[in-house]
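# Descriptive analysis of the structure
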Amino acid sequence: MAISDGVKDTPDGTDGGGPGDGRPAGTGDAEAMKAEAAERSPIRSGLHGRLDAIRATRTGRLTLKIVIGTIGGVLVAAGLVMVPFPGPGWAVVFAGLAVLALEFHWAHKLLEFGKRTLSAWVAWLSRQNLAVKGLVVLTAAATAGAIVYFGLRLSFGLDLLVEAQKLLIR
């Protein structure tokens, strides 16, 4: 089988197109050619290759933006709600930005800024002496404790100090 002009010849020596099949001579099957080219392409594979395949149509592009935007937005919003409380708040925010960065350039830039800032903070903290590190840990623990205390007191009317005194008096 010879290849001419990017179209494979059929076993009978024709190019697959011509009178009677509704295609002009020399066109071949476009879908088969695209699939074959995608298989040969070393550039995009895995998740990004699949996303590129979805982006190939206008409907796919719009649907992908809506789905990625919704999932990423929900993750960022949930992470921001969790930030003041002990737990993985910032990790969820970064995960949401990573999802948004799949489709939106501004999210990619914001994610890179966040990674640079976090890296600079960790590098600064690692250069500090033990007293400064301990002060940072105590400040973080006191802040988390105050947030939990006031959150429970304002939300549920539960005063943890009064409850602790009741337990100690018993």
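Further up the page is the structure itself.
Quick summary incoming for the structure in this document. Quick caveat, the model's predicted, so the values are computed rather than measured. (Residues numbered from 1 in each chain as written. Predicted model: local features only at pLDDT ≥ 70, side-chain atom pairs only at ≥ 80, totals over all residues. Heavy atoms only, no water.)

### Observations regarding the overall build of the chain
Rules: Runs of E in the DSSP output that reach at least two residues are strands. Runs of H or I that reach at least four are helices, and both are numbered from the N terminus. Burial classification: accessible surface area is computed with a 1.4 Å probe over protein chains only, and a residue below 20% of its type maximum counts as buried, one above 50% as exposed, and the rest as partly exposed. In this description, contact between two residues means that some pair of their heavy atoms is separated by no more than 4.5 Å. Areas reported here follow the Shrake-Rupley algorithm with a probe of radius 1.4 Å; residue values treat only the protein chains shown as occluding.
The number of helices and strands found in the chain is seven helices and two strands. When the 170 residues of the chain are sorted by exposure, 18% land in the buried category. Across the chain, every contact between residues at least 6 apart in sequence was considered, and the portion connecting residues at least 24 apart equals 29%. Surface exposure of the chain reaches about 12,500 Å², of which carbon and sulfur atoms provide 69%.

### Points about the nonpolar core
Going by this rule: Here, the term nonpolar core denotes a set of buried Ala, Val, Leu, Ile, Met, Phe, Trp, Tyr and Cys residues that are joined through side-chain atoms within 4.5 Å.
The biggest cluster of nonpolar side chains holds twelve residues, and these are L51, L64, I68, V76, V93, L97, V99, L100, A101, F104, A107 and L111. Every element with two or more residues in this core is listed here: α3 (58-82), α4 (89-101) and α5 (105-127). A per-element tally of this core places α4 first, with five residues. The contact partners of L51, leaving out residues within four places of it in the chain, are L64 and L102.

### Some words on helix α7 (residues 160-169)
As a reminder of what qualifies: The term polar contact refers here to a pair of N or O atoms within 3.5 Å; inside protein, the definition further demands a hydrogen-donor-capable atom paired with an acceptor-capable atom, and it admits residues adjacent in sequence only when both atoms are side-chain atoms.
Among the ten residues in α7, zero count as buried, and that is only a small part of the element. Regarding α7, its N-cap is D159, as a side-chain oxygen of that residue lies 3.2 Å from the backbone nitrogen of L161 further along.

### Section: the layout of surface pockets
Selection rule: The method works on a 1 Å grid over the protein atoms by themselves. A cavity is a set of points holding a 1.4 Å probe that cannot get out, a pocket is an open set with protein on both sides within 12 Å along at least five of seven lines, and residues with an atom within 4 Å of a point line them. Grid points are joined across faces, edges and corners, and a volume is the space filled by probe spheres set on the points. Polar here means any residue other than Ala, Val, Leu, Ile, Met, Phe, Trp, Tyr, Cys and Pro, which are nonpolar, and Asp, Glu, Lys and Arg, which are charged; Gly is therefore polar.
Size it by volume and the largest pocket reaches roughly 390 Å³. Those elements giving two or more residues to the lining of the largest pocket turn out to be α4, α5 and α6 (130-156). Residue contributions to the lining of the largest pocket peak at six residues, all from α5. Across the lining of the largest pocket, the residue classes tally to eleven nonpolar, three polar and no charged.

### Quick look at the packing of helix α2 (residues 46-55) against α3
What counts is decided by this rule: For every element, the axis is a line fit to its C-alpha atoms; helices are fit only across the contacting stretch, and the angle between N-to-C directions ranges from 0 to 180 degrees. We call two directions roughly parallel when the angle between them is under 35 degrees, roughly antiparallel when it is over 145, roughly perpendicular when it lies between 65 and 115, and oblique otherwise.
Between α2 and α3, the least distance of the axes is 6 Å, while the angle of their chain directions is 125 degrees. Between α2 and α3, the interaxial angle falls into the category oblique. Listed contacts from α3 to L51, I54 and R55 of α2 are G60, R61 and L64. Looking at side-chain class alone, the contact of α2 with α3 contains three nonpolar, one polar and two charged residues.

### Quick notes on the pattern of salt bridges
Rule in force here: Any Lys or Arg side-chain nitrogen located within 4 Å of an Asp or Glu carboxyl oxygen qualifies as a salt bridge.
Summed over the entire model, instances satisfying the criterion amount to five salt bridges. The salt bridge involving R55 is made with D52; its shortest N-O contact spans 2.9 Å. Residue R55 and its partner D52 are both found in helix α2; the two are separated by three residues, about one turn of the helix. Judged by relative accessible area, which is 28%, D52 ranks as partly exposed. Across the salt bridge formed by E163 and K166, the nearest N and O atoms sit 3.7 Å from each other. Of the two residues, E163 and K166 both sit in helix α7, three residues apart, roughly one turn of that helix. Overall, the relative accessible area of 43% leaves K166 in the partly exposed class. Each of D52, R55, K65 and E103 takes part in one network of salt bridges that share partners.

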